[in-house]
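# Structure assessment
Here's the letter readout for the chains.
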Amino acid sequence: MFSYVVSVVVTIEIYALLALSLNVITGYAGQSMMGHAAFFGIGAYTGALLTNAGVNFWLAMPLSLLVTGVCGALVGVVSLRVRDDFLAITTIGINFVVVALFNSMKVFGASLGLSTKGAFFFGTRMNNTHYMILLTFLIVVVCLLMRKMNHSWFGLALATMNNDEGAAKSFGINVSQYKILAFIIGTALAGLTGCIYAHRMGIIFSSNFAFTFSITILSMVVIGGIGTIRGPLLGALLLGAAPEVLRFADDYRMLVYGALLVIMVRFQPQGLLGENSVILRFLKRLTKGQKGGAVHE
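Below is a short write-up of the structure. The residue count restarts for each chain, going from 1 along the sequence in the order it is written. Reporting of local features is limited, given that this is a predicted model, to residues whose pLDDT is at least 70; pairs of side-chain atoms are given and counted only at 80 or more, and all residues count toward the totals for whole chains, interfaces and linings. Hydrogen atoms and water are omitted, and side-chain values are computed over all heavy atoms in the structure.

## Thoughts on the packing of helix α1 (residues 2-28) against helix α5 (residues 128-150)
Every axis in this analysis is a line fitted to C-alpha atoms, fitted for helices over the stretch in contact. Angles between the N-to-C directions lie between 0 and 180 degrees. Put simply, DSSP H or I for four residues or longer makes a helix, DSSP E for two residues or longer makes a strand, and each gets a number counted from the N terminus. As a packed pair, α1 and α5 sit with axes 9 Å apart at the nearest point and diverge in direction by 25 degrees. In terms of orientation, α1 and α5 fall into the roughly parallel class. Seen from above, α1 lies across α5 with left-handed handedness. Throughout this entry, Asp, Glu, Lys and Arg are counted as charged residues, while Ala, Val, Leu, Ile, Met, Phe, Trp, Tyr, Cys and Pro are counted as nonpolar. The remaining residues, Gly among them, count as polar. Taken together, the residues of the contact of α1 with α5 sort by class into 19 nonpolar, six polar and one charged. Oblique is the label for every angle not falling under 35 degrees (roughly parallel), over 145 degrees (roughly antiparallel), or within 65 to 115 degrees (roughly perpendicular). The hand of a helix crossing depends on one turn: near helix anticlockwise from the far one by less than a right angle means left-handed, and clockwise means right-handed.

Pasting the structure below:
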């Protein structure tokens, strides 16, 4: 039972890192990214190929981050030419192209998949407990860095750019530079997560990084609360645990995710815990009521 719970927690933590990484691009920079799973896959295959070639897992992680960040920079450059719906369609196309390459090229294992060598920590083969500790540490670090980013000039520039790109330019903000930086950070984090995922699974297939998984990641961000740190974490928890709770409806999981995404965008675009969301307003009123009652007493 314990090993099962740890396995589910590791899966949710992988989702959490992916949701946080996508949130940098869509939530903070306001860019329409619909192919995030492609960069998750690039990191996974990069890490697998490196360790299969004899590179240590702990070195393969930053190298996967670097390679995926470079790929993200290229997409960031593309984002300077297209935007909104056109950028979304472009990233969807990138996702399909990347998956097709994984599925057809022998170096990536083609349709048979690519197996990975086990990761070791001080001579001990890593298991789910080790991955849980590693992922927990990374999530804490990423959340702290994002919190610091939100209170920095970089975060302010992204927020201004997200609200009104024209106004951001009038304030002297280099919009092109910040767009590319947002893509680099978001995709690099996805690549790092992909490297960990590949070694945790032991074998990866191109289908693991299909467009449907990009929609799953986006659903986590939107449902939880886009543009916040707490939102993607909540979305990852809810949608990460959902397959375990709703195993009887596994064939309809993507239908449920799509329906939830449409409902949230239509009726609660801030997400469950986004800024000015219904739940957050209720919690604030509840907190104020308790404080008011304590003062009255």
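## Overview of the nonpolar core
Among the nonpolar cores identified, the biggest contains 77 residues, and Phe57, Met146, Leu158, Ile196 and Ile204 are the most heavily contacted of them. Per-element tally for this core: the top contributor is α1, with 13 residues. Working rule for contacts: check all heavy atoms of both residues, and any pair within 4.5 Å makes them a contact. Contact partners of Phe57, with chain neighbours within four places excluded, come to Thr51, Ala119, Met126, Tyr131, Leu134, Cys195, Ile196 and His199. Joining through side-chain atoms within 4.5 Å is the link that ties buried Ala, Val, Leu, Ile, Met, Phe, Trp, Tyr and Cys residues into a set, and such a set is a nonpolar core. Working definition: with a 1.4 Å probe on protein chains only, accessible area under 20% of the residue-type maximum means buried, over 50% means exposed, and in between means partly exposed.

## Quick notes on helix α6 (residues 153-163)
If you check which residues of α6 are buried, you get Phe154, Gly155, Ala157, Leu158, Thr160 and Met161. Tucked into the core, α6 has its buried residues touching α1, α5, α7 (165-170) and α8 (175-201).

## Concerning a nonpolar patch on the surface
A residue counts toward a patch only above 30% relative accessible area and without a salt bridge, and it is joined to like-charged neighbours within 9 Å or, for Val, Leu, Ile, Met, Phe, Trp and Tyr, to nonpolar neighbours within 5 Å. For every accessible area listed, the method is Shrake-Rupley and the probe measures 1.4 Å; residues are considered covered only by the protein chains on display. When a carboxyl oxygen of Asp or Glu lies within 4 Å of a side-chain nitrogen of Lys or Arg, that pair is called a salt bridge. On the surface, Val97, Leu101, Met105 and Val107 cluster together to form a nonpolar patch covering roughly 330 Å² of accessible area. Considering the arrangement of structural elements, one finds Val97 in helix α4 (residues 84-104).

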